[in-house]
Amino acid sequence: MSEGNLPNGAAARLEAVQDGKPWIKRFTKKEYAQAFAEYTARFGPLYEAALAKPESLPALAEELLDGIAAGWQRQRPWNRTVALMNDKQMLVTYLSPMLQKLEGGAVLADLIRDGWAARWPKDAYQNGSFEELLGGFRNTILGFEIFRKNKD
């Protein structure tokens, strides 16, 4: 199914994963909180509308995964691995944490994760919360970690 043939809202929901370059670039200690807030403001309402129908969540997860796979097929063979890694990073760092904050969204996040693992078992991932990801950044200079005496 091409993006032009996707049901209403599906292309925009797919964009939340496949248009990742500007968001991935902002996955840094200094910018992630602001980027996540902007991402949630932009894409949250699209997913909230979809979450209003819990019975359609399995189909929504499959539709998203089908769109991701179709996007990879449109890439040149030598670009597909990069596209896969970018899409996976968007799922892990933005979409899944955002869904976990939305009412009923954790179910969709789990369905997407499980569907991904079923399709691409060697490339499975785990969902994490925004707080876990934000707390995982380390203080480093030139790759060396800087330890503080008074950690929170």
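Draft legend 1. The arrangement of the overall build of the protein in detail. Check the secondary structure of the protein and you find 7 helices and 2 strands. Listed by position from the N terminus, the elements making up the protein come as α-α-α-α-α-α-α-β-β. Counting over 152 residues, the protein shows a buried share of 37%. For the protein, contacts bridging at least 24 residues in sequence account for 70% of all contacts bridging at least 6. Carbon and sulfur atoms make up 54% of the accessible area of the protein, which totals about 9,300 Å².

Draft legend 2. Local environment of the packing of helix H1 (residues 10-18) against helix H5 (residues 80-101). Interhelical geometry of H1 versus H5 gives an angle of 100° and a closest axis separation of 8 Å. The orientation of H1 with respect to H5, classified from their angle, is roughly perpendicular. Of the residues in H5, those touching H1 at Ala16, Val17 and Gln18 are Asp87, Met90, Leu91 and Leu95. Split by residue class, the contact of H1 with H5 holds 5 nonpolar, 1 polar and 1 charged.

Draft legend 3. The packing of aromatic side chains, seen in detail. Counting across every chain of the model gives 14 aromatic pairs. Between Trp23 and Tyr39, the ring centres sit 5.3 Å apart and the planes meet at 85°, which makes this aromatic pair edge-to-face. Here the residue Trp23 occupies a position in helix H2 (residues 21-25), and Tyr39 occupies one in helix H3 (residues 32-51), the gap between them amounting to 16 residues. A relative accessible area of 8% means that Trp23 is categorised as buried. Measuring from ring centre to ring centre gives 5.5 Å for Tyr32 and Tyr94, while their planes differ by 70°; the resulting arrangement is edge-to-face.

Draft legend 4. Spotlight on helix H4 (residues 57-74). End to end, H4 covers 26 Å across 18 residues, agreeing with the expected 26 Å (1.5 Å per residue, within 8%). Where H4 is buried, its residues meet H1, H3, H5 and helix H6 (105-119).

Draft legend 5. Quick peek at the environment of Gln73. Within the secondary structure layout, Gln73 lies in helix H4. In the structure, Gln73 is positioned 10 residues away from Ala83 in sequence and 9.9 Å away in space, judged by C-alpha atoms.

Draft legend 6. Focus on the side chain of Asp123. Along the chain, the position of Asp123 falls in the loop between H6 and helix H7 (130-135). Setting aside chain neighbours within four positions, we find Asp123 in contact with Leu84, Lys88 and Trp116.

Draft legend 7. The nonpolar core, seen in detail. Formed by 36 residues in total, the largest nonpolar core has its most connected members in Tyr39, Tyr47, Ile68, Leu95, Leu99, Leu108 and Ile112. Where this core is concerned, the elements lending two or more residues are H1, H2, H3, H4, H5, H6 and H7. Ignoring any residue separated from it by four or fewer positions in sequence, one finds Ile68 in contact with Leu14, Val17, Gln18, Asp87, Leu91 and Trp116.

Criteria and cut-off values
Residues numbered from 1 in each chain as written. Predicted model: local features only at pLDDT ≥ 70, side-chain atom pairs only at ≥ 80, totals over all residues. Heavy atoms only, no water. Helix = DSSP H or I, 4+ residues; strand = E, 2+ residues; numbered from the N terminus. Buried < 20%, exposed > 50% of the residue type's maximum accessible area, 1.4 Å probe, protein only. Contact = heavy atoms within 4.5 Å. Areas by Shrake-Rupley, 256 points an atom, 1.4 Å probe, with all protein chains shown as cover. Axes fitted to C-alpha atoms, helices over the stretch in contact; angles between N-to-C directions. Parallel < 35°, antiparallel > 145°, perpendicular 65-115°, else oblique. Nonpolar A, V, L, I, M, F, W, Y, C, P; charged D, E, K, R; others polar. Phe/Tyr/Trp six-rings, centres within 6.5 Å; stacked < 30°, edge-to-face > 60°. Expected span 1.5 Å × (residues − 1). Core = buried A, V, L, I, M, F, W, Y, C linked by side-chain atoms within 4.5 Å.

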